[in-house]
Amino acid sequence: MDYSIREMREAEYPLLEEFLYQAIFQRDTKKPIPRSVVNDPNINVYIRDFGNYPEDFCLCAETVAGIVGAVWIRNIKGFGSIDDQTPEFAISLLPDYRGYGIGTALMQAMIENLKTKSYSQTSLAVQKDNYALKMYLQVGFEIIDETAEEYIMRYRFK
């Protein structure tokens, strides 16, 4: 599949609402979680006022069909937050574009971008039964903590 990765433009930030919804792990695809879940303050923190903070940064994957995936970072108190110096990852692909390596490419591109900044690490949270866990481990994230349902993961820059 042909795609390119580029920085998301400010005018495209509203697309993050859809990507945030798509990032939510759906255990039962026959009974999807209502889209209104993105309005929950604990979830909405990942996109609310995106671009207004110095750490906000987003890359997107684009095909001839348009933007099909996004990976973004924020320094927030989210599910995967480990301290106030570590930006947290969020990543999502539209369902029809999963399984083509786009997610891995987005993760690697964001890691390369963050290496040029002064961060020593980045973090994320993933539900223990989420298929994306394997990808996070493959790109170099490590499990550093867990809750009943999620792993907290960290990537350290060398």
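Use the structure listed above.
Cut-offs and rules
- Residues numbered from 1 in each chain as written.
- Predicted model: local features only at pLDDT ≥ 70, side-chain atom pairs only at ≥ 80, totals over all residues.
- Heavy atoms only, no water.
- Helix = DSSP H or I, 4+ residues; strand = E, 2+ residues; numbered from the N terminus.
- Rg over C-alpha atoms; globule rule 2.2 N^0.38 Å.
- Buried < 20%, exposed > 50% of the residue type's maximum accessible area, 1.4 Å probe, protein only.
- Contact = heavy atoms within 4.5 Å.
- Areas by Shrake-Rupley, 256 points an atom, 1.4 Å probe, with all protein chains shown as cover.
- Lys, Arg positive; Asp, Glu negative; His and termini not counted.
- Charge placed at Lys NZ, Arg CZ, Asp CG, Glu CD.
- Pairing = 2+ DSSP bridges.

**Q** Can you help me understand the overall build of the protein chain in this one?
**A** Each helix and strand counted, the protein chain has 4 helices and 7 strands in total. For the protein chain, the sequential pattern of α-helices and β-strands runs β-α-α-β-β-β-α-β-α-β-β. The C-alpha atoms of the protein chain give 15 Å as radius of gyration, which agrees with the globular expectation for 158 residues (15 Å, within 12%). Taking the principal axes of the C-alpha coordinates as reference, the protein chain spans close to 35 × 35 × 30 Å. In the protein chain, which comprises 158 residues, the share counted as buried stands at 49%. Across the protein chain, contacts joining residues at least 24 apart in sequence account for 60% of those joining residues at least 6 apart. For the protein chain, the exposed surface amounts to about 8800 Å²; the carbon and sulfur share of it is 48%. For the protein chain, the centre of its 17 positive side-chain charges and the centre of its 23 negative side-chain charges are spaced 4 Å apart.

**Q** What's the story with the pairing of strand β7 (residues 150-156) in this structure? I'm lost.
**A** Within β7, 6 of the 7 residues are buried, which leaves it mostly tucked inside the rest of the structure. Pairing between strand β6 (residues 142-146) and β7: 4 bridges, direction antiparallel. Bridge pairing in β7 places Glu 146 opposite Tyr 151. The antiparallel hairpin formed by β6 and β7 contains 3 residues in its connecting segment.

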